[in-house]
Amino acid sequence: MRKASSSHLARISNCLQTILELEPELEKIELGKSLLEEFSVLKDFLQKIDTVALSEDDVERVETATSNFLEELRGPLAQIRPGRFGSLRLQ
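The structure presented is a predicted model; accordingly, all values stated were derived computationally and were not measured. (Residues numbered from 1 in each chain as written. Predicted model: local features only at pLDDT ≥ 70, side-chain atom pairs only at ≥ 80, totals over all residues. Heavy atoms only, no water.)

1. Focus: the overall build of the chain
And step 1. Looking only at helices and strands, the chain features four helices and zero strands.
And step 2. Beginning at the N terminus, the succession of helices and strands in the chain can be written as α-α-α-α.
And step 3. Expressed as a percentage of the 91 residues in the chain, the buried residues total 30%.
And step 4. Contacts spanning at least 24 positions in sequence make up 72% of the contacts within the chain whose residues lie at least 6 apart.
And step 5. Carbon and sulfur atoms form 51% of the exposed surface of the chain, whose accessible area is close to 5800 Å². (Helix = DSSP H or I, 4+ residues; strand = E, 2+ residues; numbered from the N terminus. Buried < 20%, exposed > 50% of the residue type's maximum accessible area, 1.4 Å probe, protein only. Contact = heavy atoms within 4.5 Å. Areas by Shrake-Rupley, 256 points an atom, 1.4 Å probe, with all protein chains shown as cover.)

Okay, structure coming up:
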């Protein structure tokens, strides 16, 4: 596997940033408290991402997982802020 291309880095970074931007909202829901413990891992990974070898398959898996994660959060987040999270999606 070779070093990640700038496109792969941008796509992975976008996924991680999208998730990390939800941190303030996740603090407000019960489900979020357990998820927030994992955010330090995401933040550390994001800082070191340019050293990680990524393939297109890796990037697609992360994009799919991020999309699924956002879909799972749509309901709980909509309860605390109706209307704002009706269309959670990758940026």
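Having seen it, we continue.
2. Some thoughts on the environment of Q79
And step 1. Topologically, Q79 is positioned in helix α4 (residues 56-80).
And step 2. Taking the C-alpha atoms as reference points, Q79 and I29, separated by 50 residues in sequence, lie 9.1 Å from one another.

3. Examining helix α3 (residues 30-48)
And step 1. Remark: the principal bend of α3, roughly 35°, maps to E37.
And step 2. Tucked inside the fold, the buried residues of α3 contact α1 (6-20) and α2 (23-26). (Bend = angle between axes of the 7 residues up to and from the residue.)

4. Describing the packing of α1 against α3
Helix-helix packing is characterised by the crossing angle of the two axes and by the distance between the axes.
And step 1. As a packed pair, α1 and α3 sit with axes 10 Å apart at the nearest point and diverge in direction by 150°. Considering their axes alone, α1 and α3 lie roughly antiparallel with respect to each other. Here α1 runs over α3; the crossing is left-handed. Facing I12, S13, L16, Q17, I19 and L20 of α1, the residues of α3 in contact are F39, L42, K43, F45 and L46. (Axes fitted to C-alpha atoms, helices over the stretch in contact; angles between N-to-C directions. Parallel < 35°, antiparallel > 145°, perpendicular 65-115°, else oblique. Left-handed = near helix turned anticlockwise from the far one by under 90°.)

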